Amino acid sequence: MSTTFQIDTATSRANPTPTPMRRLTIPAIRQRKKDGVTAEPVVMLTAYTARQAQLLDAHCDLLLVGDSLGQVIYGLPSSLPVTLDMMVAHGAAVGRGSWHAAVIVDLPFGTYEASPQQAFETAARVLRETGCAGVKLEGGVAMAETVAFLSQRGIPVMGHIGLTPQAVNQLGGYGARGRSEAEAEKIVGDARALAEAGAFAIVIEGVVEPLAVAVTKAVDCPVIGIGGSAQCDGQVLVTEDMLGMFERVPRFVKRYADVAGLISDAAAHYAAEVRDRSFPGIEQTYQPKA
Ligand code: KIV
């Protein structure tokens, strides 16, 4: 579907044409998986800005305002320095730029792990100030009590297990998880604990394929893979990775475009025109409305 936008001059909001479907709800996403089967896989991509959200929205069920924005947008070395203010600002922008997909915002490191109460206060601020549909947090068994606390108080929670980037210092890097039988069993236990606690969906990142399949089969809620298996109930990728914005991406990422190449070529073309004074004047670029 090709979407265009009309600017509402009073609010500067770009409204999509044609008007998209109603926004998907968390129960609708949760119910995609029935009796262990997900007939229509869940499509999720990260989004950090309003314009990016406008372009992705019609194609996605879920837009994730991931704390990967630390590396992708801010050039930080990991997601650990990402603040709640950053997540709230980008979450609100993605909310303004989307109409159809349910928006999920990551809770950043250090804002939810201390207690269920701390997590509730953080998540409540995120929902209040961004208008998002739910939050994502990292961790399995250790976070189950928190997931139950939030879910029972009206906050939909997406879990995140396997390779959990906020635990990079403890994991010792970003390598695939679940290679040993003991670790694989632990990860299946994490998934079960989150599902029983009320998580509406679980992201499983960077695990060996048989483990991604085992986790998908082990729980009732949709399991969304990133570097897991095509057999998961859905998939997520970092949008800039799949657009080809970076030279180095995780091995499992398929590039669907070469946006880095397009930007670089356009900038080189512009720079050449400025330098040789062939940069077009207004009479060449301005096209008056008919
Ligand atoms: O922060 C993020 O973008 C994520 C996805 C990679 C799942 O958590």
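Residues numbered from 1 in each chain as written. Predicted model: local features only at pLDDT ≥ 70, side-chain atom pairs only at ≥ 80, totals over all residues. Heavy atoms only, no water.

Further remarks concern the environment of proline 108. Note that proline 108 resides in the loop between β7 (102-106) and α5 (116-130). The spacing of proline 108 and leucine 137 is 29 residues in sequence and 7.9 Å in space, taken between C-alpha atoms. Those residues within four positions of proline 108 in sequence are excluded, and the remaining contacts are Val82, Thr83, Leu84, Met87 and Gln166. (Helix = DSSP H or I, 4+ residues; strand = E, 2+ residues; numbered from the N terminus. Contact = heavy atoms within 4.5 Å.)

This brings us to the pairing of strand β8 (residues 134-138). For β8, the tally of buried residues reaches five of five residues, placing the bulk of the element in the interior. Taking every second residue as pointing to the same face, both faces of β8 are buried, with Gly134, Lys136 and Glu138 on one and Val135 and Leu137 on the other. Viewed along the sheet, the connection from β7 through α5 into β8 turns out right-handed. In the sheet, β8 pairs with strand β9 (residues 157-162) via four bridges, with the strands oriented parallel. The residue bridging leucine 137 from the neighbouring strand is glycine 159, located in β9. Crossover handedness for the path β8 to helix α6 (residues 144-151) to β9: right-handed. (Buried < 20%, exposed > 50% of the residue type's maximum accessible area, 1.4 Å probe, protein only. Right-handed = clockwise from strand over helix to strand, strands pointing away. Pairing = 2+ DSSP bridges.)

Here we take up the pattern of salt bridges. Tallied over the full model, the rule gives eight salt bridges. Note that aspartate 85 is salt-bridged to arginine 125, the shortest N-O span being 2.8 Å. Pair noted here: aspartate 85 is in helix α4 (residues 84-96) and arginine 125 is in helix α5, with a separation of 40 residues, a long-range link. The partly exposed category is assigned to aspartate 85, whose relative accessible area is 49%. A salt bridge links arginine 125 to glutamate 129, with the shortest nitrogen-to-oxygen separation between them at 3.1 Å. (Salt bridge = Lys/Arg side-chain N within 4 Å of Asp/Glu carboxyl O.)

The next thing to look at is the environment of valine 188. When you line up the elements, valine 188 lands in helix α8 (residues 181-197). Overall, the relative accessible area of 14% leaves valine 188 in the buried class. If we skip the residues at most four places from it in the chain, valine 188 touches Leu211, Val215 and Ala218.

A few words now on unusual backbone geometry. The backbone of aspartate 35 shows a phi angle near 50°, a positive value even though the residue is not glycine. Looking at the secondary structure, you find aspartate 35 in the loop between β3 (33-34) and β4 (37-38). For arginine 277, which is not glycine, the phi dihedral falls at a positive 55°. In this fold, arginine 277 is placed in the loop between α11 (259-275) and α12 (282-285).

A separate point is the site of the ligand. Taken together, Thr46, Leu64, Gly66, Asp67, Ser68, Asp106, Lys136, His160, Ile226 and Val238 make up the full set of residues near the ligand. A distance of 3.1 Å separates an oxygen atom of the ligand from a polar side-chain atom of aspartate 106. Within the contact set of the ligand, an oxygen atom lies 2.8 Å away from a side-chain nitrogen or oxygen of lysine 136. When the ligand sits alone it has 260 Å² of accessible area, and the protein chains cover 95% of it. Considering only residue class, the shell around the ligand consists of three nonpolar, four polar and three charged. (Near = heavy atom within 4 Å. Polar contact = N/O pair within 3.5 Å; in protein donor to acceptor, adjacent residues only side chain to side chain. Areas by Shrake-Rupley, 256 points an atom, 1.4 Å probe, with all protein chains shown as cover. Nonpolar A, V, L, I, M, F, W, Y, C, P; charged D, E, K, R; others polar.)

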